[in-house]
Amino acid sequence: MEISTEREGSLLVARAGGRLDSINAREFDDALKSAISESDQVLIMDLEKVSYVSSAGLRVILLTAKTLQQRSAKLLICSLAEPIREVFEISGFDKIIPIHADLAAARASIG
Amino acid sequence: MLSLCLESRLEELQRIEAAVEDLGEREQWPPNLLYQVKLVLEEVIVNIINYGYEGGGHKIDVHLISEPDTLTIKIADDGRAFDPLSQAPTPDVDANLEDRPIGGLGVYLVQSLVDEAHYRREQHRNHLTLVKRRD
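What you see is a predicted model, and the numbers here were worked out from it, not measured in a lab. (Residues numbered from 1 in each chain as written. Chains lettered and ligands numbered in written order. Predicted model: local features only at pLDDT ≥ 70, side-chain atom pairs only at ≥ 80, totals over all residues. Heavy atoms only, no water.)

So, the interface of chain A and chain B
When the parts of a complex come together, some accessible area is lost, and that lost area is often taken as the interface size. Listed per partner, the contact involves 27 residues of chain A and 29 residues of chain B. With both chains or domains summed, chain A and chain B bury close to 2400 Å², and 60% of this area falls on carbon and sulfur atoms. The tally of links from chain A across to chain B stands at 2 salt bridges. Between D94 of chain B and K95 of chain A there is a salt bridge, with its nearest N and O atoms 2.5 Å apart. There are 14 residue pairs in polar contact (both at pLDDT 80 or more) connecting chain A and chain B. Classifying every residue of the side of chain A that touches chain B by side-chain character gives 13 nonpolar, 7 polar and 7 charged. (Contact = heavy atoms within 4.5 Å. Buried area = accessible area lost by both parts, 1.4 Å probe. Salt bridge = Lys/Arg side-chain N within 4 Å of Asp/Glu carboxyl O. Polar contact = N/O pair within 3.5 Å; in protein donor to acceptor, adjacent residues only side chain to side chain. Nonpolar A, V, L, I, M, F, W, Y, C, P; charged D, E, K, R; others polar.)

Focus: the sheet that holds strand β4 (residues 116-122) of chain B
Pairing between sheet strands relies on hydrogen bonds along the backbone, with the strands arranged either parallel or antiparallel. Residue and element names in this part refer to chain B. Pairing within the open sheet is antiparallel, and its 5 strands lie in the order β1-β2-β3-β5-β4. Strand pairing shows two members of the sheet lacking a second neighbour, β1 (2-7) and β4, which therefore form its edges. On average, each strand axis in the sheet is tilted by 15 degrees relative to the strand beside it, whichever way the strands run. Relative to strand β5 (residues 125-133), strand β3 (residues 70-77) runs antiparallel, the two sharing 8 bridges. Counterpart to A76 in the pairing with β5 is H127. Packed on one face of the sheet, helix α1 (residues 12-26) meets β1 and β2 (59-66) and runs near 170 degrees to β1. (Pairing = 2+ DSSP bridges. Helix = DSSP H or I, 4+ residues; strand = E, 2+ residues; numbered from the N terminus. Axes fitted to C-alpha atoms, helices over the stretch in contact; angles between N-to-C directions.)

Quick look at the pattern of salt bridges
According to the stated counting rule, one finds 21 salt bridges over all chains in the structure shown. Between R107 of chain A and E6 of chain A there is a salt bridge, with its nearest N and O atoms 3.9 Å apart. Of this pair, R107 of chain A sits in helix α5 (residues 103-109) while E6 of chain A sits in strand β1 (residues 2-8), placing them 101 residues apart in sequence. For E6 of chain A, a relative accessible area of 32% puts it in the partly exposed group. Here D115 of chain B and R133 of chain B are joined by a salt bridge, their closest N and O atoms 3.4 Å apart. (Buried < 20%, exposed > 50% of the residue type's maximum accessible area, 1.4 Å probe, protein only.)

Overview of the layout of surface pockets
What the largest pocket holds in volume is close to 710 Å³. At the level of elements, α1 (25-35) and α2 (55-70) of chain A together with α2 (31-51) and α4 (105-113) of chain B are the ones that each hand at least two residues to the lining of the largest pocket. Partitioned by chemical class, the residues of the lining of the largest pocket number 12 nonpolar, 7 polar and 4 charged. Roughly 240 Å³ of internal volume is contained in the second largest pocket. As for the second largest pocket, its lining consists of 18 residues, of which V44, N47, I48, F82 and P84 of chain B are closest to the centre. Among the elements that line the lining of the second largest pocket, the one with the most residues is α2 of chain B, at 5 residues. Looking at the lining of the second largest pocket residue by residue, the classes come out as 11 nonpolar, 4 polar and 3 charged. (1 Å grid on protein atoms, 1.4 Å probe; cavity = no way out; pocket = protein on both sides within 12 Å on 5 of 7 lines; lining within 4 Å. Points joined across faces, edges and corners; volume = space filled by probe spheres on them.)

With respect to the nonpolar core
Residues L47, I61, I77 and F88 of chain A together with L41 and L64 of chain B are the most contacted members of the largest nonpolar core, which totals 69 residues. A total of 12 residues in this core trace back to one element, the largest contributor, which is α2 of chain B. (Core = buried A, V, L, I, M, F, W, Y, C linked by side-chain atoms within 4.5 Å.)

Topic: the environment of E48 of chain A
Residues and elements named next belong to chain A. Along the chain, the position of E48 falls in strand β3 (residues 42-53). A sequence separation of 30 residues divides E48 from C78, and the C-alpha atoms of the two residues are 7.3 Å apart. Aside from chain neighbours lying at most four places away, what touches E48 is C78 and S79.

Brief notes about unusual backbone geometry
All names here are of chain A. The phi torsion at S72 lies on the positive side, around 60 degrees, for a residue other than glycine. Along the chain, S72 turns up in the loop between α2 and β4 (74-78). Accessibility expressed as a relative area gives 64% for S72, which makes it exposed.

Structure, rendered in structure tokens:
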């Protein structure tokens with residue numbers, strides 16, 4: 001489980017890598033929590049290097065989206081591999097979290 | 001055909017995943033199929049480990065039967081009687097972010113990704129059979 005971050009003003013880009021599954025979901029959650037600061041208004045989660053997401057990973061993503069929403073910040077997701085995108089769609093996550101094809105598109109959407 | 005007897009702990013997921021990857025590679029499964037089979041197995045096995053037992057030391061039997069048109073996954077465990085197909089709550093996947101409850105997606109994903117699912121309780125064991133068409 002790797003996560004690297006980059007901050008530009010109130011935008012935080014977090015790149016995850018590897019698998020977001022039952023074994024490392026907690027580690028992913030901890031990594032996100034320590035990366036996000038109260039001043040971040042937008043978090044772009046770049047999942048290009050993520051090869052697998054199960055419901056345990058989805059749970060962490062949903063919790064993160066809810067936590068951000070509670071303080072009027074938002075989560076965007078980009079660069080999903082095709083089978084992962086399908087899992088997001090089945091779960092209805094594409095209706096509650098904006099999903100973009102790549103990082104450039106996600107950035108463009110926030111102006 | 002793949003048969004594994006897993007211990008009821010999360011680390012065992014790595015063993016089943018490696019075995020499924022080997023089989024998928026040998027049979028040249030498309031990436032989507034490999035992903036979905038791994039996901040289905042993780043969701044079912046994690047459910048059994050988390051909710052089926054009080055304490056460890058239990059065994060979960062997994063069989064994967066690969067035929068030209070279908071993949072059949074059979075999972076049997078000696079945990080408490082639980083039919084995930086009818087007893088697991090269905091998540092509201094149309095709810096907005098605020099109202100969306102956390103969790104409940106595992107079994108829903110399994111049911112969405114397979115073509116047939118059957119449960120039976122027999123001789124103090126749960127038997128779940130999942131069939132996925134290879135198309």
